[in-house]
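Report on the structure
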Amino acid sequence: MSSNLTNLEWLKEDPFFKKHFPFKTLEEHLKLDSDDVDQYVENAIRHATSNSPQFMNNNGTGTKLQFEHMDTHNHLITKVRIPKRVHPENIWIQLNRTQLKINGLNDDQSQIITLPTPINPDQSKATFKQGSLQVKMPKISTGRFKDVHIRYL
């Protein structure tokens, strides 16, 4: 390559065959419209923040519950805002490893919230305070590696 090439021109030339590459130059790929970049960033932020708190709906009908998950090292904590029109003593929850089901909403409706990580439902605890239901669920550990005997035939 010649020494009089500018800072990016060396990328246009194949170092092995000394020919120009058949695709667009790097400068053309790097030319971005700032409005497009701003719009992309705004959309990414809007998309990222729309999931916290999340709005879920049970089968497209019924009460929408606002909730958020907090993932700690050993526990998953889910906070659910219970609407004022629902009496807190009428609700009850059920858990399995991957879902939280809230029962006793208006008109005997229920809502299922999918959990982001597997939990141990037997050791979970729930509290209700000032319109929020908080469920603290211990995560299921991945466990230790165990040796498995190999049988050679």
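Note that the structure is a prediction, hence the values are computed from the model and not measured. (Residues numbered from 1 in each chain as written. Predicted model: local features only at pLDDT ≥ 70, side-chain atom pairs only at ≥ 80, totals over all residues. Heavy atoms only, no water.)

1. Some points on the overall build of the chain
The following threshold applies: Secondary structure elements follow DSSP: runs of H or I of four or more residues count as helices, runs of E of two or more count as strands, with numbering from the N terminus. We call a residue buried when its accessible area falls under 20% of the maximum for its residue type, exposed when it is over 50%, and partly exposed in between, using a 1.4 Å probe and counting protein chains only. Residue contacts are counted whenever heavy atoms from the two residues lie within 4.5 Å of one another. Only the protein chains shown count as cover for residues, and the accessible areas themselves come from Shrake-Rupley with a 1.4 Å probe.
Scanning the chain from terminus to terminus reveals two helices and eight strands. Secondary structure elements in the chain, listed N-terminal to C-terminal, are α-α-β-β-β-β-β-β-β-β. Relative to its 153 residues, the chain shows a buried fraction of 20%. For the chain, the proportion of contacts with a sequence separation of at least 24, taken over those separated by at least 6, is 36%. Carbon together with sulfur atoms contributes 52% to the accessible area of the chain, which is approximately 12,400 Å² in total.

2. Concerning a nonpolar patch on the surface
Our working rule: Two distance rules govern patches: like charges are joined within 9 Å, and nonpolar side chains (Val, Leu, Ile, Met, Phe, Trp, Tyr) within 5 Å, applied only to residues with over 30% relative accessible area and no salt bridge. Any carboxyl oxygen of Asp or Glu within 4 Å of a side-chain nitrogen of Lys or Arg constitutes a salt bridge here.
Together, Val37, Tyr40, Val41 and Ile45 make up an exposed nonpolar region whose accessible area comes to about 390 Å². Inspection of the secondary structure assignment puts valine 41 in helix H2 (residues 34-49). With a relative accessible area of 39%, valine 41 lands in the partly exposed category.

3. Points about the nonpolar core
Short version of the rule: Only buried Ala, Val, Leu, Ile, Met, Phe, Trp, Tyr and Cys residues count toward a nonpolar core, and they belong to the same one when joined by side-chain atoms within 4.5 Å.
Ranked by internal contacts, the top residues of the largest apolar core, which has 16 residues, are Val80, Leu100, Ile102 and Leu133. For this core, the secondary-structure elements that each account for two or more residues are strand S2 (61-71), strand S3 (75-81), strand S5 (99-105) and strand S8 (132-138).

4. A few points about the pattern of salt bridges
All told, the structure shown has one salt bridge when counted by the stated rule. Between lysine 139 and aspartate 71 there is a salt bridge, with its nearest N and O atoms 2.5 Å apart. Of this pair, lysine 139 sits in the segment after S8 while aspartate 71 sits in strand S2, and the two are 68 residues apart along the sequence. You can call lysine 139 partly exposed: its relative accessible area is 25%.

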